[in-house]
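Descriptive analysis of the structure
Spelled out from the first residue to the last, the chains are:
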Amino acid sequence: MKQLLKFLSLALIAGTVVLSSCSKNDNPADNDLFAGTYKGSVSYHGDKDVSNSNGSVFVTKVGDRYDFKFSDNIPTISNVQISKGDQGYIGTVNGYTGFIRFNANNLNIAVGKDGNTWTADCNR
């Protein structure tokens, strides 16, 4: 229950940041291929707890499938499908529940799966 409350709190905070920082210019989702590194705060809570304010997330996209590879041995979020033109998703896909929002400059993640949670607040 504590993890759920912690996840929901992080999602609410990250959601506020996302809504105030999203840009409509140069959306990676408009490209069929994309690779880029976003740097900033990353965390993971599950079988291990990792938090780094100077971490990174390497994002790759082929078609409408994304992989989010975190620094600091944080497990990868993989095979997330986001429709072309969208700046992210909110909901459940491949067992991941939460949201991933991004554009050319910002990446925000608050996702849970099987009792594990990932967060990121990063910039390029």
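Residues numbered from 1 in each chain as written. Predicted model: local features only at pLDDT ≥ 70, side-chain atom pairs only at ≥ 80, totals over all residues. Heavy atoms only, no water.

1. Re the overall build of the protein
Definition in use: Strands here are runs of E lasting at least two residues and helices are runs of H or I lasting at least four, both read from the DSSP assignment and numbered beginning at the N terminus. Per-residue accessibility, obtained with a 1.4 Å probe over protein chains only, is compared with the maximum for each type, and a residue is labelled buried under 20%, exposed over 50%, and partly exposed between these values. Contact between two residues is taken to exist if any of their heavy atoms lie within 4.5 Å; hydrogens are not considered. Surface accessibility in these figures is a Shrake-Rupley result with a 1.4 Å probe; residues are shielded only by whichever protein chains are displayed.
A count of helical and extended segments in the protein gives 1 helix and 8 strands. Listing the helices and strands of the protein from first to last along the sequence gives α-β-β-β-β-β-β-β-β. In the protein, which comprises 124 residues, the share counted as buried stands at 43%. Contacts in the protein between residues at least 24 apart in sequence constitute 47% of all its contacts with a sequence separation of at least 6. Summed over all atoms, the accessible surface of the protein reaches about 6,700 Å², with 51% contributed by carbon and sulfur.

2. A short note on the packing of aromatic side chains
For the record, the criterion: In summary, the pairing rule links any two rings of Phe, Tyr or Trp, Trp by its six-membered ring, whose centres are within 6.5 Å, and it sorts them by plane angle into stacked for under 30 degrees, edge-to-face for over 60 and tilted for everything else. Counted as over-ring charges are cases with an Arg CZ or a Lys NZ within 6 Å of the ring centre that also lie within 35 degrees of the ring normal.
Evaluated as defined, the whole model comprises 4 aromatic pairs. Arranged with centres 6.0 Å apart and planes meeting at 10 degrees, the rings of Y66 and F68 form a pair that is stacked. With a centroid separation of 5.7 Å and an interplanar angle of 70 degrees, the aromatic rings of Y96 and W118 are classed as edge-to-face. Note that Y96 is positioned in strand β6 (residues 96–102) and W118 in strand β8 (residues 116–123), a separation of 22 residues in sequence. Aromatic rings pair up to connect Y44, Y96 and W118 into one cluster. For K113, the ring lying beneath its charged end belongs to Y96, and the centroid distance is 4.4 Å. Over the ring of Y38 we find R124; its NZ or CZ atom is 5.4 Å from the centre of that ring.

3. Here's the deal with the nonpolar core
Test applied: The set of buried Ala, Val, Leu, Ile, Met, Phe, Trp, Tyr and Cys residues whose side-chain atoms join them within 4.5 Å is what this entry labels a nonpolar core.
With 24 residues, the main nonpolar core has V57, F68, F70, I77, L107, I109 and W118 as its most contacted residues. Residue assignment for this core shows that the elements contributing at least two residues are β1 (33–45), β2 (49–62), β3 (65–70), β4 (77–81), β6, β7 (106–113) and β8. Counting residues per element, this core draws most heavily on β1, which supplies 4 residues. Setting aside residues no more than four positions away along its own chain, I109 makes contact with F68, F70, I77, F99, I100, W118, T119 and A120.

4. Comments concerning the side chain of S43
This is how the line gets drawn: Side-chain atoms alone can form a polar contact between residues adjacent in sequence; in general such a contact is a pair of N or O atoms within 3.5 Å, and within protein one must be able to donate a hydrogen while the other accepts it.
With respect to the secondary-structure elements, S43 resides in strand β1. Looking at S43, its side chain comes within polar contact range of the side chain of T119, at 2.2 Å. When near neighbours in sequence (up to four residues on either side) are disregarded, S43 contacts V50, S51, I74, T117, W118 and T119.

Keep in mind these numbers describe shape, not what the thing actually does.
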